[in-house]
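Letter by letter, the chains look like this.
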Amino acid sequence: MSQSTRPSIEHPSLVPAEGVEPEAFAGTDQGRLAIVLEAAATVSLLASCGCATPSGFAGAVIGRDGHIGGVSFVPSVWPSDCRNVLSDLLETLFGGERVPGRGEARRGARELLEEWRGWPCPLAAETAVARILEVAPFLWKPRFGPARARLVGVIQTEVGPRWWVAGPPWLRLLARERGGSWVQSELAGDSARDLVPRAL
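Residues numbered from 1 in each chain as written. Predicted model: local features only at pLDDT ≥ 70, side-chain atom pairs only at ≥ 80, totals over all residues. Heavy atoms only, no water.

Brief notes about the pairing of strand E7 (residues 152-157)
Relative to E7, strand E1 (residues 8-10) runs antiparallel, the two sharing 3 bridges. Bridge pairing links Glu-10 to Val-154 in E7. Across 6 bridges, E7 lies against strand E8 (residues 160-165) in antiparallel orientation. Directly across from Ile-155, in E8, lies its bridge partner Arg-162. (Pairing = 2+ DSSP bridges. Helix = DSSP H or I, 4+ residues; strand = E, 2+ residues; numbered from the N terminus.)

Considerations on the confidence of the model for the protein
Per-chain confidence: the protein averages 90 in pLDDT, with 94% of residues scoring 70 or above. Per-element mean pLDDT across the protein ranges from 87 in strand E3 (residues 54-57) up to 98 in strand E5 (residues 68-69). (pLDDT = per-residue confidence, 0-100.)

Quick word on the sheet that holds E7
Whenever strands of a sheet pair, they do so through backbone hydrogen bonds, lying parallel or antiparallel. Pairing is antiparallel across the open sheet formed by 3 strands, whose spatial order is E1-E7-E8. Two strands bound the open sheet, and with one partner strand each, they are E1 and E8. Looking at each pair of strands side by side, their axes are set apart by 25° on average, direction ignored. Sheet strands touched by helix H7 (residues 180-188): E7 and E8. Its angle to E8, the strand with the most contacts, is close to 45°. (Axes fitted to C-alpha atoms, helices over the stretch in contact; angles between N-to-C directions. Contact = heavy atoms within 4.5 Å.)

This is the structure:
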């Protein structure tokens, strides 16, 4: 793929959508971290096929269903720097870099911001996805199935569709063994937590 060619990528976050700007999102704190999870997966998918978000998540919206959409992307030899784009989105969703307040989601957001702002080297999107799931285990609850399903995307190539799964190594290994479609279906299900290796 040349730098000037946009690949055909299938992912809900890249579809034009109606909604509010992230700073106007009025959902729960746990829902805010679910949005960041979706955003990290989007950055991972784009990086896998030589694309990036030109201005972070500026212009993206949060729909009535609580999911991010309308993310713009362009071909780029340099992937989006997760340290910046995800930290900026976190701060926007939680009202500032200090993330005041109590609760599991706000503690997780503060922990992620502290890590990402001080990260000494480029942060891989897959690492970001894994850390979000670690600090926010509530994202394995059934109601976040649609957000987890967005860890999976499809890139259309000359030889057919190529599935991409963002997340920790064990999840990508499952995709290689069972297929991306199977992983997406399982992630969306109520028993998705059972996918996690017992040693974790």
